[in-house]
Amino acid sequence: MDSTYDLINDSLKDEPIGETDHFIWFITYIGIVALIKREKNYETCSSNVENEANKIGLDITKEEKEFLKIKEKRLFLFYS
């Protein structure tokens, strides 16, 4: 596993900053992570992630978005 994945995985052990219908939200050294809570398809999660970020006061519209799989975890990483 590379160091990016290690940093993200370590941050997922910290207290989340919020929780929405489909995601648990974390702050990492790299950016904001939206961890997918349940088995959903990529399209559903991708289309919901920005709206759900707004529900907890996050504006991620100008951030780069990347989908990652780290072991069994699926998540979106938002960074500048």
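Residues numbered from 1 in each chain as written. Predicted model: local features only at pLDDT ≥ 70, side-chain atom pairs only at ≥ 80, totals over all residues. Heavy atoms only, no water.

### Quick word on the overall build of the protein chain
Next, step 1: Check the secondary structure of the protein chain and you find two helices and five strands.
Next, step 2: Starting at the N terminus, the α and β elements of the protein chain follow one another as α-β-β-β-α-β-β.
Next, step 3: Taking 80 residues into account, the globule formula puts the C-alpha radius of gyration at 12 Å, and the protein chain, at 12 Å, falls close to it.
Next, step 4: Dimensions of the protein chain, computed from the C-alpha atoms along their principal axes, are close to 30 × 25 × 25 Å.
Next, step 5: Within the protein chain, the fraction of its 80 residues that count as buried is 39%.
Next, step 6: Taking as baseline every contact in the protein chain between residues at least 6 positions apart, the subset at least 24 positions apart corresponds to 49%.
Next, step 7: A total accessible area of about 5,000 Å² is found for the protein chain, and carbon and sulfur atoms account for 44% of it.
Next, step 8: Taken as two groups, the 11 positive and 16 negative side-chain charges of the protein chain have centres that lie 5 Å from each other. (Helix = DSSP H or I, 4+ residues; strand = E, 2+ residues; numbered from the N terminus. Rg over C-alpha atoms; globule rule 2.2 N^0.38 Å. Buried < 20%, exposed > 50% of the residue type's maximum accessible area, 1.4 Å probe, protein only. Contact = heavy atoms within 4.5 Å. Areas by Shrake-Rupley, 256 points an atom, 1.4 Å probe, with all protein chains shown as cover. Lys, Arg positive; Asp, Glu negative; His and termini not counted. Charge placed at Lys NZ, Arg CZ, Asp CG, Glu CD.)

### A word on unusual backbone geometry
Next, step 1: Phi angles above zero are rare outside glycine, and Lys-71 is one such case at about 55°.
Next, step 2: Its place among the elements puts Lys-71 in the loop between strand S4 (64–70) and strand S5 (73–79).

### Some points on the pairing of S5
Next, step 1: Across the seven residues of S5, five count as buried, placing the element largely inside the fold.
Next, step 2: Note that strand S3 (residues 32–36) and S5 share four bridges and pair antiparallel. Its bridge partner being in S5, Ile-32 is matched across the sheet by Phe-78.
Next, step 3: With seven bridges connecting them, S4 and S5 associate as antiparallel partners. Pairing of Lys-69 across the sheet is with Arg-74, part of S5. (Pairing = 2+ DSSP bridges.)

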